[in-house]
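# Structural characterization, general
Given next are the chains, with one letter for each unit.
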Amino acid sequence: MALRTPDDYRSTLADGRILYYRGQKVDDICAVPELRVAVDHAAIDYEVAEDPTYRDLATFKDPGSGEEHSAYYKVPRDTQDLLDRSKLIETCTSLGGTMVTLIKEIGSDGLFAMLRILRGDERERAEAFYRHCRDGDLAVAVAQTDVKGDRSLPPHRQPDPDTYVHVVDRDEKGIVVRGAKCHTSISANADEIIVFPTRAMGPEDSEFAVAFAVPTNAAGVSMYISSYASGDLDPWALPLSSKHKMLETLTVFDDVFVPWDRVFLCGDPEVAGPLALTFVEYHRFTAVSYKLPLIDLLVGAAAEIADMNGVTKAGHVREKLTKLVIYAETVRALTEMAALRARVDDATGIAYPDPMTTNMAKYTFATGYHEALEIIQDLSGGLLVTGPGGADWASDEVRPVLEKYFAGKAPATERLAMLNLISDLTTRDFGGYHAVLAVHAEGSIEAEKMQILRSYDAAAARAYARRLAGLD
Ligand SMILES: Cc1cc2nc3c(=O)[nH]c(=O)nc-3n(C[C@H](O)[C@H](O)[C@H](O)COP(=O)(O)OP(=O)(O)OC[C@H]3O[C@@H](n4cnc5c(N)ncnc54)[C@H](O)[C@@H]3O)c2cc1C
């Protein structure tokens, strides 16, 4: 099987995986309406491959076998491959109302990292697992972030060793792992989970230097889904989050057996850091690609609401809109530049986006996001949180009052629709989620700064400074 349909994807999810949501065990994720939203959202990654408008972007033919596969699984070899990948991620996120779909994006980021970094037996296992995911057109999560306990202590010094996933047993058949990862996106509705170390490790952390993959229904894996955006969501007041959602889990590994053919790293702490970092290099490029619809929407919605409020010509409004445009276009330009400056790994021929530019794109996005929210909330006015709900709008008695008093330069029906969009995006559950996602997902701002400084080749600049100072 090379390409699955959205229904093929949905039909595999009730496979005995252990899920909890709001204190209850869930047997079939598709049968719980507020979780089904996340499954239908994720299915966009399958829908695009069937849609003639996107098919060329969303699929590729393997030159060897002639088989058609999802383009997410195309191993990048040059700048164009990275630009195409970025466009695909942007397109699916745009169809997903600014929420990334992620079920093939993050897993393929992880696979590319393994294909680049691993050698010997581990590389062969990674290649076999890559073919398994590509040929099965699978949805794949990556659980990298451990729960981490006391952040000032390395894994081996944690009072509870289970705060980092670690090996507790091994024999000729495989290893047994224990511990927990958190914030694991799309794991509840994925087919497979790739587990990576979250950080560089020293010799004493060797039992924590472990990478492997398990099916989501593997014995001993249990997932606790976050309760964000729970309950019935009013589609009038929440035009985005009532249709689009991503699920994160606390992912617990309770003595999970992993056969050797699915173990990619075990007891070799020197590989933990490079593997973690290489995944992050790809994943931050995915991140900045999926931010693009969100920042475009901030600009577009801000311009629309300013117009509907009748304030477009005011000097401060033009200045604020200009700031938003600069923000959006800087992130877009840096994202493109990360692909244009692509490097190709000599040993494998696999391309990767320029790490410094990728991190600058992600840093610029993350550090500018809250200011962008301030601008759009400022231009919108207080109705973002004091406005009516869908039941009010549906009421024959209330609606005429709303139509009369909430008209601006535009009729109330348009102005309230735009305010609802902005409110959903910036002030409600979805807004809070996006704001934290902006700062933390794909690594914290400090991690991006570290990578920028590390990637910058300072030698030429320093030599120039020394020359002008008369030192050399
Ligand atoms: C919506 C969302 C989706 C996510 N999806 C995934 C996913 O699919 N897979 C996955 O693996 N991860 C995922 N993440 C996790 C994400 O990568 C982490 O949130 C991020 O790396 C920060 O880790 P943390 O949340 O544990 O916060 P912390 O690491 O606790 O960070 C909190 C603060 O402490 C600082 N800090 C932490 N450690 C130290 C230290 N040793 N010294 C000094 N300062 C320190 C940080 O810089 C930050 O300022 C997701 C996160 C979010 C919010």
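Nothing here was measured: the structure is a model prediction, and the numbers come from that model. (Residues numbered from 1 in each chain as written. Predicted model: local features only at pLDDT ≥ 70, side-chain atom pairs only at ≥ 80, totals over all residues. Heavy atoms only, no water.)

### What to know about the domain arrangement of the protein
Filter applied, for reference: Domain delimitation in this document rests on an assignment produced automatically or drawn from a domain database. By definition, residues are in contact when any of their heavy atoms lie within 4.5 Å. By definition, the buried area sums, over both parts, the 1.4 Å-probe accessible area that each loses when the two are put together. Salt bridges, as used here, are contacts in which a Lys or Arg side-chain nitrogen is within 4 Å of a carboxyl oxygen on Asp or Glu.
Split into domains, the protein comes out as domain 1 (6-267) and domain 2 (272-463). Contacts between domain 1 and domain 2 engage 54 residues on the former and 51 residues on the latter. Approximately 4,300 Å² of surface area, both sides summed, lies buried where domain 1 meets domain 2, with 71% of it carried by carbon and sulfur atoms. When residues of domain 1 are sorted by the area they lose upon contact with domain 2, Thr98, Arg116 and Trp236 head the list and together hold 20% of the total. At the surface where domain 1 touches domain 2, the tally comes to 2 salt bridges.

### What about the site of the ligand?
Note the following rule: Throughout, the term near means that a residue has one or more heavy atoms lying within 4 Å of the molecule or strand in question. Residues adjacent in sequence count toward polar contacts only when both atoms are side-chain atoms; beyond that, a polar contact is any pair of N or O atoms within 3.5 Å, and within protein one must be able to donate a hydrogen and the other to accept it. The Shrake-Rupley method, run with a 1.4 Å probe sphere, supplies the accessible areas, and residue values consider only the shown protein chains as cover. With a 1 Å grid laid over protein atoms only, a set of points is called a cavity when a 1.4 Å probe fits there but cannot get out and a pocket when it is open yet has protein on both sides within 12 Å along at least five of seven lines; lining residues have an atom within 4 Å of a point. Pocket or cavity membership: a molecule qualifies when more than half of its atoms sit within 2 Å of the grid points of that site. Runs of E in the DSSP output that reach at least two residues are strands. Runs of H or I that reach at least four are helices, and both are numbered from the N terminus. Charged means Asp, Glu, Lys or Arg here, nonpolar means Ala, Val, Leu, Ile, Met, Phe, Trp, Tyr, Cys or Pro, and polar covers whatever is left, Gly included.
For the ligand, the set of nearby residues contains 19 residues, the closest of which are Gln144, Thr145, Arg151, His183 and Ser185. Measuring from an oxygen atom of the ligand, one finds a backbone N or O atom of Gln144 at 2.7 Å. Within the contact set of the ligand, an oxygen atom lies 2.8 Å away from a side-chain nitrogen or oxygen of Arg151. When isolated, the ligand has an accessible area of 960 Å², and the protein chains bury 65% of it. Here the ligand is seated within the largest pocket. Elements with a contribution of two residues or more to the shell around the ligand: strand S5 (140-143), strand S7 (174-185) and helix H15 (429-440). Looking at the shell around the ligand residue by residue, the classes come out as 6 nonpolar, 8 polar and 5 charged. Counting contributing residues, the shell around the ligand receives three or more from each of domain 1 (6-267) and domain 2 (272-463).

### Examining the nonpolar core
Under the convention used in this document: In these notes, a set of buried Ala, Val, Leu, Ile, Met, Phe, Trp, Tyr and Cys residues joined through side-chain atoms within 4.5 Å is what counts as a nonpolar core. Partly exposed describes any residue whose relative accessible area lies between the buried limit of under 20% and the exposed limit of over 50%, with all areas from a 1.4 Å probe on protein chains only and scaled to the type maximum.
Ranked by size, the top nonpolar core spans 130 residues in total, and within it Met114 and Val177 carry the most contacts. It is helix H8 (residues 269-309) that provides the largest number of residues to this core, a total of 17 residues. Here this core spans two domains, since at least three of its residues come from each of domain 1 (6-267) and domain 2 (272-463). Setting aside residues no more than four positions away along its own chain, Val177 makes contact with Val165, His166, Val167, Val168, Val210, Phe212, Phe253, Asp254, Asp255, Val256 and Val258. In terms of nonpolar packing, the next biggest core, distinct from the first, is built from 8 residues, Leu82, Val288, Ala338 and Ala339 among them.

### Quick word on the layout of surface pockets
Put simply, the rule is: Grid points are joined across faces, edges and corners, and a volume is the space filled by probe spheres set on the points.
Taken as a whole, the largest pocket holds about 1,400 Å³ of empty space. Along its surface, the largest pocket is lined by 48 residues, and Thr145, His440, Glu442, Gly443 and Ser444 are the ones closest to its centre. Of all the secondary-structure elements, those providing two or more residues to the lining of the largest pocket are S5, S7, strand S10 (221-225), strand S11 (248-259), H8, H15 and helix H16 (445-455). When residues in the lining of the largest pocket are grouped by element, the largest group, 8 residues, is from H8.

### Describing the sheet that holds strand S2 (residues 24-26)
Condition: Strands are labelled as partners when DSSP assigns at least two bridges between them. Every angle, taken between N-to-C directions, lies between 0 and 180 degrees, and every axis is a line fitted to C-alpha atoms, over only the stretch in contact when it is a helix.
As summarised here, the arrangement of the 6 strands in space is S2-S1-S10-S11-S7-S6, forming an open sheet in which the pairing is mixed. One side of each edge strand has no neighbouring strand; the edge strands of this open sheet are S2 and strand S6 (166-170). Strand-to-strand twist of the sheet, defined as the mean angle between neighbouring strand axes without regard to direction, takes the value 20 degrees.

### Observations concerning the pattern of salt bridges
Pairing of side chains with opposite charge becomes possible as their charged atoms draw close. All told, the structure shown has 32 salt bridges when counted by the stated rule. One salt bridge in this structure joins Asp135 and Arg134, with 2.8 Å as the shortest N-O distance. For Arg134, a relative accessible area of 12% puts it in the buried group. One network of salt bridges, in which partners are shared, links Asp7, Arg10, Arg36 and Asp40.

### Overview of the packing of helix H10 (residues 355-380) against H15
Rules: Any angle that is under 35 degrees is reported as roughly parallel, and any over 145 degrees as roughly antiparallel; angles of 65 to 115 degrees are reported as roughly perpendicular and all others as oblique. With the far helix as reference, a near helix turned anticlockwise by less than a right angle produces a left-handed crossing, and one turned clockwise produces a right-handed crossing.
Viewed as axis vectors pointing N to C, H10 and H15 meet at an angle of 150 degrees, and their least axial separation amounts to 8 Å. As the angle between them shows, H10 and H15 are arranged roughly antiparallel. Judged by the sense of rotation from one axis to the other, the crossing of H10 with H15 is left-handed. Counted together, Lys362, Phe365, Ala366, Tyr369, His370 and Leu373 of H10 and His434, Ala435, Ala438 and Val439 of H15 form the full contact between these two elements. Residues that form the contact of H10 with H15 fall into these classes: 7 nonpolar, 2 polar and 1 charged.

### With respect to the packing of H8 against helix H14 (residues 412-426)
Any two packed helices are characterised by the angle at which their axes cross and by the distance between the axes. Packing of H8 against H14 leaves a shortest axis separation of 10 Å and a crossing angle of 145 degrees. The crossing of H8 and H14 is left-handed. Where H8 approaches H14, its residues Leu294, Leu297, Leu298, Ala301, Glu304, Ile305, Met308 and Asn309 are matched on the opposing element by Glu414, Arg415, Met418, Leu419, Leu421, Ile422 and Leu425. In terms of residue class, the contact of H8 with H14 is made up of 11 nonpolar, 1 polar and 3 charged.

### Overview of the packing of aromatic side chains
Put simply, the rule reads: Classification of ring pairs rests on two measures: the distance between centres of Phe, Tyr or Trp rings, Trp counted by its six-membered ring, which must be within 6.5 Å, and the angle between planes, read as stacked under 30 degrees, edge-to-face over 60 and tilted in between. Charges are assigned to positions over rings by a cutoff of 6 Å between ring centre and Lys NZ or Arg CZ, combined with an angular limit of 35 degrees from the ring normal.
On inspection of all chains with the given rule, the structure shows 11 aromatic pairs. Between Phe212 and Phe253, the aromatic rings sit 5.8 Å apart at their centres with planes inclined by 90 degrees, giving edge-to-face as the arrangement. In this pair, Phe212 is assigned in strand S9 (residues 210-215) and Phe253 in strand S11, connecting sequence segments 41 residues apart. Across the pair, exposure class does not vary: Phe212 and Phe253 are buried alike. Aromatic side chains Tyr327 and Phe365 sit 6.3 Å apart centroid to centroid with 15 degrees between the ring planes, which places their arrangement in the stacked category. Within this pair, whereas Tyr327 is found in helix H9 (residues 315-340), its partner Phe365 is found in helix H10, the two being separated by 38 residues in sequence. A network of ring pairs unites the aromatic residues Tyr327, Phe365 and Tyr369 as a single cluster. Over the ring of Tyr46 we find Lys104; its NZ or CZ atom is 4.0 Å from the centre of that ring. The ring of Tyr352 is capped by Arg116, whose NZ or CZ atom sits 3.7 Å from the centre of that ring.

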